[in-house]
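# A structural walkthrough
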Amino acid sequence: MNRFWIPLVAFALLCVVFGVALKRAPEKQFVASALIGKPAPDFVLPDLLHPGGMVDSKRFHGGWVLVNVWGSWCEECIKENPMLLAIGKSGKVKLLGLNYKDDDDTARKWLTDNGNAFDAVAVDHDGRAAIDYGVYGAPESFLVNPQGVIVHKVVGQITQQAWQATLLPLIDGAKS
Amino acid sequence: MMRGALLAALLAVTSLPALAIDTAELSDPAQQRRYEELIHELRCLQCQGETVADTPAQFAIDIRRQVREMIQAGRSNGDIRQYLVDRYGEIILLQPRWSLANAWLWLTPGALLLVGAVVAVRILRQRRQMLATDTSEPGEEESRA
Amino acid sequence: MVPEIGQYAMILALLLAAAQAFFGLAGPWRGAERWTQAVYPAVAGQFVLLALAFGCLIWSFVNNDFSVLLVAKNSNSALPIYYRVAGTWGNHEGSLLFWVFVLSLWTLAVAAFSTSLPRPFVARVLGVLGVISTGFLLFSLKTSNPFERLQPAPPDGLDLNPLLQDFGLTVHPPMLYVGYVGFSVAFAFACAAMLEGKLDQTWARWTRPWTTVAWMFLTVGITLGSYWSYYELGWGGYWAWDPVENSILMPWLLGTALIHSLAVTDKRGLFKSWTLLLAIMAFSFCLLATFMVRSGVLNSVHSFASDPKRGVFILVFLVLVIGGSLGLYVWRAPLLRSSAGFDLVSRESFLLFNNILLVAATGVVFGGTMAPFIADLAGHETISVGAPYYNRTFLVPMLPLFALVALGTFARWKRGQLGESRRRMLGSFAVALVLGLAIILGIYGDRSLLAPIGVVLALWIIIAALLDPVDRLRRRLSLPAAVIGMTLAHVGVAITLLGITTMESRRMDRDVSLAPGQQATVGDYTFRLESVQDVDGPNYSAARARVLVSHNGKPDVVLLPERREYDVQQQSLAEAALGVSWHRDLLVTMGDPLGKDAWSMRLQVRPLMRFVWLGAFFMAGGGLLATLDRRYRRRREAGQAQVAAAGALPGTAP
């Protein structure tokens, strides 16, 4: 084994790294949430649906909550809405909307036009609450358990697949 | 497919009236300098690999504001970094922090130069010796290049 | 009809590429001269077919044939025609076809210009190039077919990404591709030498011009990319240390090392196995770049959206090509020994240091780029490695390198003999130091460390580089193109260094809110917003601001930044306005309307910004000049060699 072997061996190692990276590429698309396993930050923010009132996230403690970050400007949110409506109907979770960087009137109109899946919608104009949740875009959703701990985060719209394969089992699993 | 989703999400977000440039500057020059240093170290997660300082994305604007406010509130640079790491993970720092896992990254330049120096010394010694028995001539003056 | 022709042309090209590979490698190996000869028609045929295929693709774009999926995804009938042409390479599939086409061009050039080289050797070179071409054509046809159809054809396309609708798209990718595909030639030369089992100084002499030309195009390509992102993104960023950018910087660094190492091998027969390894590594990193951009492992503004299936294909190809060549290296390199010696202070030792530092720099960039993957592999949290890291660590090997550029010009081959050169060396340093400090204290007046070091180093490099040519002119000695080229390139390095260090330490940015009639000051400059108007472009509508910039009270330039809304993709883009002069750049970018006619704007003043790219173009120009010299000498010597060699090889007329 002389020094001329070094490049070939180094290259082989590199290929292993790349091979693994390739295999894991699909899951690594999104920034993993740093908050999984940590308590969901609480917030008290203006109520979109009842102007003048406030939405207190603590009211949702004790049951499963899906905190969904959305905006009327967000194309994918429109696509996600039917899924949210279905999730709401299932009764498995409460839906707490966080209206992110939006205009109140436009947002209300959006809900009227597209259907309101939410049990409550809090308004986060400047994105402070969103930063607390480590949000970097919309739509993003956080599954919070009855103890108030974030157990999963979905970046991008929640697909049927994601609901069936990931979120639902988490909810049902804990119940049994 | 998931990638398409992310791309769409990015486009969706960036098509906000989101090219706003924030126009607030800190009055204290020392604070302004800290602010500028910090925002050049933070990654814009809506973009790809750009700093929060150099992009008009909405996320970047929010983070810049957060940094600004925390500086004004008297928090230290370390505090601010930790605050953001707690929420976004280490990925938001464009400069890996000193830790056992990351140490190798910071030691790389020095290590490479060290290896290079060792190699250089070996070769130089060897070739210097060969100079005694080497009768070849490098060629005329004009073939400098 | 036309897409079908293109498709068939690609398939036929694949067959010819395989033939080229087979005949090129098997012919010399078996000593079968007819096989060896067969390479040439394969090369020519492949070029014609790929030109045809690429032409068909361009035709489909220009004629808005939306039944071709690629055209439907990347073009639009409202898209100006030159963007329809350039759009062919603004996507994964099209740029891949372009890659292969460029390779066939290089291959043709090698075949055409190597008539004075031994046939079997050239055949091997072409054979290796054929292997690469086969791989890429297979990849394209199997996973990334540009001629894939979309039935039923939509009435119109999705338009080209507005960020790409710029002159930069017309020039940056082509230059880049010509450059980094060009390193395949040095690679092929290396493989041919290893297959043949011998490597002498003539090998280095043959390889040099090809490598220098490829390096030159790569330099231009990277520079254009940097310039494009600078004014297109409007935030003044010209190098983001993005993984894709890094992946193209690494071959460039290695290519620079290769050029210098080849010089040593050419001149003194030294560093043979090292030069061989460098040639392999330079191209390997080019292939690595291809992998990174197209496999989906990276999330980057530059990378094409793709699926891991492509990544697997490229990885296998990488293993075969790079693994194969490194295997050849293990086999053949130990046989290459030279008995030449050199002194501690000599051109050889300085070039040795040059190589070590450039490889170290490559290592730093590589480490940073791979770190997120490795962290992942080790089960740690994903980390980011960005500009702050690289800006600090990249300097560690580069600063000594810059000093070497100055020092190196004083060293002679083989024996130090500094002697009177020592006086010149110290003298030039003293001048640079004094001049530099004068500039720093007088003009710059700031207290950062970066600027003084950069300025003094840059001045020293320039003075040192100019001493020899000036001396020759004075003594009425000949001044070969190679020496002028080298001088120009090194001066270019200094200019870029000067530009970067000055600009980074003296730039000024301000984010302000301006309504028509209002103004803001940045340093000595005053920016006054005069008006904002609505204008329309071919596929966008925009708000255009008129900004008057004054310097020390005197009107300087009028800038017209725009905020564009593109119709089809509904993307909003800010078109920055640039006020350019040799000593500073002024940048104005429009943000959002803030109500009451006010707009948020970013104002930037960047001293010596132009130098950053000017220096790079000097480097490329230097490379060009050096090549011109080489070729002349090569033909002359080759002619002499023919005369000297008693039995001339068949087919090699002087």
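## Brief notes about the overall build of chain A
Tallying secondary structure elements over chain A gives five helices and seven strands in all. The N-to-C order of helical and strand elements in chain A reads α-β-β-β-α-β-α-β-α-β-β-α. Relative to the globule expectation of 16 Å for 176 residues, the C-alpha radius of gyration of chain A, 20 Å, shows a markedly less compact shape. Its C-alpha atoms give chain A principal-axis dimensions of roughly 80 × 40 × 25 Å. Across chain A, contacts joining residues at least 24 apart in sequence account for 75% of those joining residues at least 6 apart.

## Overview of the interface of chain A and chain C
On the chain C side, the residues contacting the 19 residues of chain A number 25 residues. Looking at the side of chain A that touches chain C, its residues break down into 14 nonpolar, three polar and two charged.

## Some thoughts on helix α6 (residues 119-143) of chain C
The first and last C-alpha atoms of α6(C) sit 36 Å apart over 25 residues, in line with the 36 Å expected at 1.5 Å per residue. In terms of burial, α6(C) is a largely internal element, 20 of the 25 residues being buried.

## Examining the sheet that holds strand β1 (residues 508-514) of chain C
Residue and element names in this part refer to chain C. Taken in spatial order, the four strands make up an open sheet running β1-β10-β9-β8, and their pairing is antiparallel. Only two strands of the sheet have a single neighbouring strand rather than two, namely β1 and β8 (577-581). Neighbour-to-neighbour, the strand axes of this sheet turn through a mean angle of 15 degrees, independent of strand direction. Taken together, the five bridges between β8 and strand β9 (residues 584-595) define a ladder with antiparallel strand orientation. Looking across to β9, one finds that V580 is bridged to D585.

## Regarding the packing of helix α8 (residues 201-232) of chain C against helix α9 (residues 243-268) of chain C
Residues and elements named next belong to chain C. Orientation of α8 relative to α9, taken along the N-to-C sense of each, is 150 degrees, at an axis distance of 9 Å. One element, α8, and the other, α9, form an angle in the roughly antiparallel class. In this structure, α8 crosses over α9, and the sense of that crossing is left-handed. Every residue of α9 that contacts α8 at Q201, A204, R205, T207, R208, T211, T212, W215, L218, T219 and I222 is listed here: I248, P251, W252, G255, T256, L258, I259, L262, T265 and D266. Among the residues forming the contact of α8 with α9, the class breakdown is 10 nonpolar, eight polar and three charged.

## Considerations on the domain arrangement of chain C
Often the size quoted for an interface is simply the accessible area lost on bringing the parts together. Residue and element names in this part refer to chain C. Under the domain assignment, chain C is made up of domain 1 (1-160), domain 2 (174-338 + 348-394), domain 3 (395-506) and domain 4 (509-609). Computed from C-alpha atoms alone, the centre-to-centre distance between domain 2 and domain 3 is 27 Å. In this complex, domain 2 contributes 14 residues to the contact, which on the side of domain 3 involves 12 residues. For the side of domain 2 that touches domain 3, the secondary-structure elements that each account for two or more residues are α9, α12 (347-377) and α13 (387-393). Among the elements that make up the side of domain 2 that touches domain 3, the one with the highest residue count is α12 (nine residues). Residues of the side of domain 2 that touches domain 3, tallied by class, amount to eight nonpolar, two polar and four charged.

## Regarding the sheet that holds strand β3 (residues 65-70) of chain A
Residue and element names in this part refer to chain A. One open sheet holds the five strands; their spatial order is β5-β4-β3-β6-β7, and the pairing between them is mixed. Of all strands in the sheet, those with a lone pairing partner are β5 (120-124) and β7 (150-155), marking the two edges. Averaged over all adjacent pairs, the angle separating strand axes in this sheet is 20 degrees, with direction ignored. In the sheet, β3 pairs with strand β4 (residues 94-100) via six bridges, with the strands oriented parallel. When the bridges of β4 are listed, N68 appears paired with G97.

## Examining the interface of chain C and chain B
Contacts between the two partners involve 61 residues from chain C, matched on the other side by 50 residues from chain B. For the side of chain C that touches chain B, the element with the highest residue contribution is α12(C), accounting for 11 residues. Residues belonging to the side of chain C that touches chain B are distributed by class as follows: 31 nonpolar, 21 polar and nine charged.

## A look at the confidence of the model for chain C
All names here are of chain C. Looking at chain C, pLDDT values average 88 and 94% of them are 70 or higher. Of the regions scoring below 50 in pLDDT, residues 646-654 engages in nine contacts with residues more than four places distant in sequence or in other chains. Overall fold confidence for the complex sits at a pTM of 0.89, while the interface term, ipTM, reaches 0.86.

## Structural notes on the pairing of strand β6 (residues 140-144) of chain A
All names here are of chain A. Where burial is concerned, most of β6 is hidden: five out of the five residues are buried. One ladder, built from five bridges, connects β3 with β6; its direction is antiparallel. Following the sheet pairing, V67 is matched in β6 by F142. As paired elements, β6 and β7 share five bridges and run antiparallel to each other. Note on β7: the bridge partner recorded for E140 is V155.

## Side note on the packing of helix α7 (residues 167-196) of chain C against helix α11 (residues 308-332) of chain C
All names here are of chain C. Relative orientation of the contacting elements α7 and α11 amounts to 40 degrees, with a least axis distance of 10 Å. With respect to each other, α7 and α11 are oriented oblique. The two elements α7 and α11 cross, and the hand of that crossing is left-handed. Judged by residue contacts, C191, M194 and L195 of α7 engage S325, L328, Y329 and R332 from α11. Of the residues that constitute the contact of α7 with α11, the class distribution is five nonpolar, one polar and one charged.

## Some points on the environment of B:Q46
Residue and element names in this part refer to chain B. Looking at where Q46 falls in the secondary structure, it is placed in the loop between α2 (29-39) and α3 (58-72). The class for Q46 is buried, based on 21 C-beta atoms found within 10 Å. Measuring from C-alpha to C-alpha, the distance between Q46 and A60 comes to 7.9 Å, with 14 residues separating the pair along the chain.

## Brief notes about the nonpolar core
Residue and element names in this part refer to chain C. Counting residues in each nonpolar core, the largest one holds 302 residues, and the members touching the most others are A186, F189, A279, A282 and I461. Counting residues per element, this core draws most heavily on α7, which supplies 18 residues. Those residues in contact with I461 that lie beyond four places of it in its chain are F402, V405, A406, H490, V493 and A494.

Scoring rules and cut-offs
Residues numbered from 1 in each chain as written. Chains lettered and ligands numbered in written order. Predicted model: local features only at pLDDT ≥ 70, side-chain atom pairs only at ≥ 80, totals over all residues. Helix = DSSP H or I, 4+ residues; strand = E, 2+ residues; numbered from the N terminus. Rg over C-alpha atoms; globule rule 2.2 N^0.38 Å. Contact = placed C-beta atoms within 7 Å. Nonpolar A, V, L, I, M, F, W, Y, C, P; charged D, E, K, R; others polar. Expected span 1.5 Å × (residues − 1). Buried ≥ 20, exposed ≤ 12 C-beta atoms within 10 Å, placed from the backbone. Pairing = 2+ DSSP bridges. Axes fitted to C-alpha atoms, helices over the stretch in contact; angles between N-to-C directions. Parallel < 35°, antiparallel > 145°, perpendicular 65-115°, else oblique. Left-handed = near helix turned anticlockwise from the far one by under 90°. Domains from an automatic or database assignment. pLDDT = per-residue confidence, 0-100. Core = buried A, V, L, I, M, F, W, Y, C linked by C-beta atoms within 7 Å.

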